[in-house]
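Below are the chains, spelled out letter by letter.
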2 protein chains.
Amino acid sequence: MTLRKSWLSSANVDGTDFPLNNLPYGVFSPPGKAPRCGVAIGDQVLDVATLEEQGILVTGDTPICRRPSWNTLMNRGPVTWLRFRDQLTTLMSEGAAARSDVEAHLYPLSSVLLQLPFTVSEYTDFYAGRHHATNVGTMFRGAENALPPNWLHMPIGYNGRASSVVVSGTPIRRPWGQVKGADQPQPAFMPSRRFDLELELGAIVGTPSQGPVSVDEADAMIFGYVLLNDWSARDIQAWEYQPLGPFQAKATATTISPWIVTAAALEEFRVHTPERQVPLLPYLADTGPMLYDLNLSVTLAPSGKAATTITATNYREMYYSAAQQLAHHSSSGCPMRTGDLLGSGTISGADKHSRGSLLELSWGGKEPLTLDSGETRSFLEDGDTLTLHGYAQGPGYRIGFGECSGTVVPALANPFMR
Amino acid sequence: MTLRKSWLSSANVDGTDFPLNNLPYGVFSPPGKAPRCGVAIGDQVLDVATLEEQGILVTGDTPICRRPSWNTLMNRGPVTWLRFRDQLTTLMSEGAAARSDVEAHLYPLSSVLLQLPFTVSEYTDFYAGRHHATNVGTMFRGAENALPPNWLHMPIGYNGRASSVVVSGTPIRRPWGQVKGADQPQPAFMPSRRFDLELELGAIVGTPSQGPVSVDEADAMIFGYVLLNDWSARDIQAWEYQPLGPFQAKATATTISPWIVTAAALEEFRVHTPERQVPLLPYLADTGPMLYDLNLSVTLAPSGKAATTITATNYREMYYSAAQQLAHHSSSGCPMRTGDLLGSGTISGADKHSRGSLLELSWGGKEPLTLDSGETRSFLEDGDTLTLHGYAQGPGYRIGFGECSGTVVPALANPFMR
């Protein structure tokens, strides 16, 4: 596919995240007004709530867009998703008859407030990047036990906290937690000293399910994707995670980007999963290309200083697709719901500069990273701003995710004084 | 306290779960009508939605009760909880002036449909019973590593699936899952052969929080309690749980009893946690009696046969209270919300007949249990009905939970054929 031309010139600019080919979905508040559904295009956001009310966008009897979440559209299923997107494409295309009706409902992106684009029903985080699992496993359990015996047979995951999911731009408070160093006789309750990021992609369940779903069914249930930073307190994690997995180490916050990039917009960037070391069981077997070729990177900017790119990798590095994760997630009969968010797991590449966490980049703090400013980092410091970027590169355009950003603010002096 | 006498004679009957002292909250549908909030008393359920509309119950401008959940009341906080309960007590007390206004809004419990009494926001399951953790740890990791090093320092827990919580009476479909025996070279996808129950108490978060809360604050946030059966597929769990904890093994279903027994009704049954082997960190330290003296038991009835009581124990066996669990849960800054459900963890006593799971009762299947019918059980069989019972015994009355029941139905022949 080539660039779809829009009558909105900023949508045709080389390098924009939001050409007409993309049309990602967010929730925004125009200056002084209530939040509603909006669609990013070029440097503008389109007020689809008002377009729907005026009958310019036709969605049926029950309004979809005059709400602070996209869950209603998501719940309607793939046919509605397609019709909705097709209408938007028509309205914004070069030469569109409706241009004059639509133009009044654009707001500069720089003028609006963005919030979470959907109501997160439940949040599950996977561990489906082989390089990441190998790196972390080597550090936590030694090279011989790096990859757990089950890892090549199923996407390992755990349930996270939906209440902790926040939109890009939300300050991230360094957590307190219970920690115990290997050389300490007793644990202590203190602010985390090994606070970290995890570069992930989040898949959003659109249509709900009851009972096990196949990989193909799962693929069709996924509405879209966001960038996701799974903030992680490594010192809390190391002490708490045996035997039932990460809990408070991952519960402080998870930041997502404000725009849902739809599966439809990413369709032409599908790629296959890597070669299988052992065959997958039939219920998880690959049935087609279900990863995407997405360039991903992270910058770290210390307070008041320029940003350094600390990693660059690609979503195609994952061993399991979101569809495989969702199929496995439903395998026990677990009901899946509109708005469930599935984190891919940390996306690390094979080489050192493509690792998706500071834990890996600094090898547990033993090899601190040097930033462009000359400062070094083993883990995050107060004031650090972390920003995830991501896009798929087409011929002459890109499908971008916008930014997924958060600044670490100091821990509370006393967590119980409010 | 003694029995509070009601003008409703069935509320004064010795042995009823629902005397006037209790007043538990549920959601019910009168025959042919929409679901609404109701309160159990004696053998009746009181239609508080209609009482509220008629101004007999005074709750303020926004109605609380004409909804299929108690979350609205729960969110209002402890002062509203108290006023609401006080009004109910007055209305139902012996000699109440309003008796004739109220009487028309009682329905026999046997005539109504019950559903989940609240909307479960998120579900967390703990592992806070020392006997259970020791038993399971011994079986999974050997006696020397039975209790993980962190166990005596914090309530270990993991996030579960809110979407899988169902009300008592819902059939429980035996799950499929990925399993691998120690002697098998490859895993297989098949119906679970080691499907189990876990006897637990569920605590319900009433008022939300942002940031860490103290144990006393946590105690004040808890609205009430339900019986909880955390159905568990042990064969799936054994293969999947390393390194990130239980996932699909616990995602098929979690059954709760239909009546929320309020913390207010249990107040006089508070008891202290057991003696501490090592002191707790100050953020978790006991500040008063926060467990309850609750008699708990489980019966198992094979299809068409009489029920056998397979275990009898007490909630006071727990090492950590729900308040301590909630304080720990919030310690990283994790936002807690109205409707969060916290499973206590399996409640096992010290002796063999007080163990809260078949895994422990049959010692991993090595010592099958003999039922009154002569049949034996290592794990659950299709057609088995499991029923949890619980009550606090006061002088001349009990605060009962009603039943928490579920029948195991056969696995789907092909999980992907629908």
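Residues numbered from 1 in each chain as written. Chains lettered and ligands numbered in written order. Predicted model: local features only at pLDDT ≥ 70, side-chain atom pairs only at ≥ 80, totals over all residues. Heavy atoms only, no water.

(A) The overall build of chain A, seen in detail. Check the secondary structure of chain A and you find 10 helices and 27 strands. A globule of 418 residues ought to have a C-alpha radius of gyration of about 22 Å, and chain A, at 21 Å, matches this closely. Along the three orthogonal principal directions, the C-alpha set of chain A runs to about 70 × 50 × 40 Å. Taking all 418 residues of chain A together, 63% fall into the buried category. Sequence-distant contacts in chain A: of pairs separated by 6 or more residues, those separated by 24 or more amount to 71%. Total accessible area on chain A is roughly 14400 Å²; 52% of this is exposed by carbon and sulfur atoms. Charge-centre separation for chain A: the mean point of 31 positive side chains lies 4 Å from the mean point of 40 negative side chains. (Helix = DSSP H or I, 4+ residues; strand = E, 2+ residues; numbered from the N terminus. Rg over C-alpha atoms; globule rule 2.2 N^0.38 Å. Buried < 20%, exposed > 50% of the residue type's maximum accessible area, 1.4 Å probe, protein only. Contact = heavy atoms within 4.5 Å. Areas by Shrake-Rupley, 256 points an atom, 1.4 Å probe, with all protein chains shown as cover. Lys, Arg positive; Asp, Glu negative; His and termini not counted. Charge placed at Lys NZ, Arg CZ, Asp CG, Glu CD.)

(B) Quick look at the sheet that holds strand β2 (residues 36-41) of chain A. Residue and element names in this part refer to chain A. On the basis of which strands lie adjacent, the open sheet formed by 5 strands has the order β4-β3-β2-β1-β5 and antiparallel pairing. Strand pairing shows two members of the sheet lacking a second neighbour, β4 (106-108) and β5 (113-115), which therefore form its edges. Mean inter-strand twist for the sheet, computed between neighbouring axes without regard to direction, equals 45°. Where strand β1 (residues 25-29) and β2 come together, 4 bridges link them in antiparallel fashion. In the strand pairing of β2, F28 is matched with R36. In this fold helix α3 (residues 78-92) packs onto β1, β2 and β3 (44-47), with an angle of close to 65° to the strand it touches most, β1. (Pairing = 2+ DSSP bridges. Axes fitted to C-alpha atoms, helices over the stretch in contact; angles between N-to-C directions.)

(C) Region of the structure containing the environment of L109 of chain A. All names here are of chain A. Tracing the chain through its elements places L109 in the loop between β4 and β5. The exposure class assigned to L109 is partly exposed, which follows from its relative accessible area of 21%. Expressed as a C-alpha distance, the spacing of L109 and W259, which sit 150 residues apart in the sequence, is 12 Å. Excluding residues that lie within four positions of it along the chain, L109 makes contacts with F18, G42, D43, Q44, V45 and W259.

(D) Quick look at the relation of the copies chain A and chain B. Each copy superposes on the other: chain A lies on chain B with an RMSD of 0.0 Å after a rotation of 180° and an axial shift of 0.0 Å. These values place the two chain copies in the arrangement generated by a two-fold rotation axis. Taking C-alpha positions as reference, the residue of chain A nearest the rotation axis is G245 of chain A, located at 2.1 Å. Mapped onto chain B, 100% of the interface residues of chain A are again interface residues, and the two copies thus contact each other with one and the same surface. (Least-squares fit on C-alpha atoms with pLDDT ≥ 70 in both.)

(E) Looking closely at the interface of chain A and chain B. Tallying the contact residues gives 62 residues for chain A and 62 residues for chain B. When the two sides are added together, the surface that chain A and chain B hide from each other amounts to roughly 5600 Å², 58% of it contributed by carbon and sulfur. Area buried by chain A at its contact with chain B is led by R161, L244 and F247 of chain A, which between them contribute 15% of it. Counting every contact that joins chain A to chain B gives 4 salt bridges. Among the salt bridges present, the one from D340 of chain B reaches R161 of chain A, with a minimum N-O distance of 2.7 Å. The interface formed by chain A and chain B contains 25 residue pairs in polar contact (both at pLDDT 80 or more). (Buried area = accessible area lost by both parts, 1.4 Å probe. Salt bridge = Lys/Arg side-chain N within 4 Å of Asp/Glu carboxyl O. Polar contact = N/O pair within 3.5 Å; in protein donor to acceptor, adjacent residues only side chain to side chain.)

(F) How the structure looks around the side chain of Q248 of chain B. Tracing the chain through its elements places Q248 of chain B in the loop between α7 (234-240) and β16 (254-256). Classification of Q248 of chain B by relative accessible area gives buried; the value is 2%.

(G) Molecular detail of the sheet that holds strand β1 (residues 25-29) of chain B. All names here are of chain B. Strand order in the open sheet formed by 5 strands is β4-β3-β2-β1-β5, with antiparallel pairing between adjacent strands. Taken across any chain shown, the strands that pair with only one partner, and hence form the sheet edges, are β4 (106-108) and β5 (113-115). Across the sheet, the mean angle from the axis of one strand to that of its neighbour is 45°, orientation sign disregarded. The sheet contact formed by strand β3 (residues 44-47) and β4 spans 3 bridges and is antiparallel. Counted as the bridge partner of Q44 is P108 from β4.

(H) Geometry of helix α5 (residues 130-141) of chain A. Residues and elements named next belong to chain A. Taking 1.5 Å per residue, 12 residues should reach 16 Å; α5 reaches 15 Å between its end C-alpha atoms and fits that length. Looking only at α5, the buried set comprises H132, A133, N135, V136 and G137. Phi for G142, located one or two positions after α5, is positive at around 90°. (Expected span 1.5 Å × (residues − 1).)

(I) Looking closely at the state of the cysteines. In this structure the tally under the stated criterion is 0 disulfides over all chains. In this structure C37 of chain A is not part of a disulfide, and its nearest cysteine sulfur, from C65 of chain A, lies 5.2 Å away. (Disulfide = S-S within 2.5 Å.)

(J) Structural detail: the packing of aromatic side chains. All names here are of chain A. In total, this model carries 38 aromatic pairs over all chains according to the counting rule given. On the basis of an interplanar angle of 80° and a centroid distance of 5.6 Å, the ring pair of W70 and F84 is categorised as edge-to-face. With W70 in the loop between α1 (48-53) and α2 (71-76) and F84 in helix α3, this residue pair connects regions lying 14 residues apart in the sequence. A centroid spacing of 6.3 Å and a plane angle of 20° characterise the contact between F189 and F416, whose relative ring orientation is stacked. Here F189, found in strand β11 (residues 188-191), pairs with F416, found in the segment after β27 (404-409); they are 227 residues apart in sequence, far enough to count as distant. (Phe/Tyr/Trp six-rings, centres within 6.5 Å; stacked < 30°, edge-to-face > 60°.)

(K) Spatial organisation of the domain arrangement of chain A. Residue and element names in this part refer to chain A. Domain assignment breaks chain A into domain 1 (9-115) and domain 2 (123-409). The gap between the C-alpha centroids of domain 1 and domain 2 is 29 Å. Roughly 2000 Å² is buried in total at the junction of domain 1 and domain 2, and carbon and sulfur atoms are behind 68% of that figure. Ranking the residues of domain 1 by area buried against domain 2 places Y25, M74 and W81 at the top, with a combined share of 28%. Taken together, domain 1 and domain 2 are joined by 0 salt bridges. One can count 5 residue pairs in polar contact (both at pLDDT 80 or more) joining domain 1 with domain 2. Elements with a contribution of two residues or more to the side of domain 1 that touches domain 2: β1, β2, α2, α3 and β5. The element that contributes the greatest number of residues to the side of domain 1 that touches domain 2 is α2, accounting for 4 residues. (Domains from an automatic or database assignment.)

(L) Seen up close, the nonpolar core. Membership of the largest hydrophobic core comes to 85 residues, with the highest contact counts inside it found for Y225, L266, L294, I310 and Y315 of chain A. In this structure L294 of chain A touches L201, L266, T313, N314, Y315, Y391, A392 and F401 of chain A, once residues within four positions along its chain are discounted. (Core = buried A, V, L, I, M, F, W, Y, C linked by side-chain atoms within 4.5 Å.)

(M) Looking closely at the pairing of strand β10 (residues 176-179) of chain B. Note: β10 of chain B against strand β11 (residues 188-191) of chain B, 4 bridges, orientation antiparallel. Of the residues in β11 of chain B, the one forming a bridge with Q178 of chain B is F189 of chain B.

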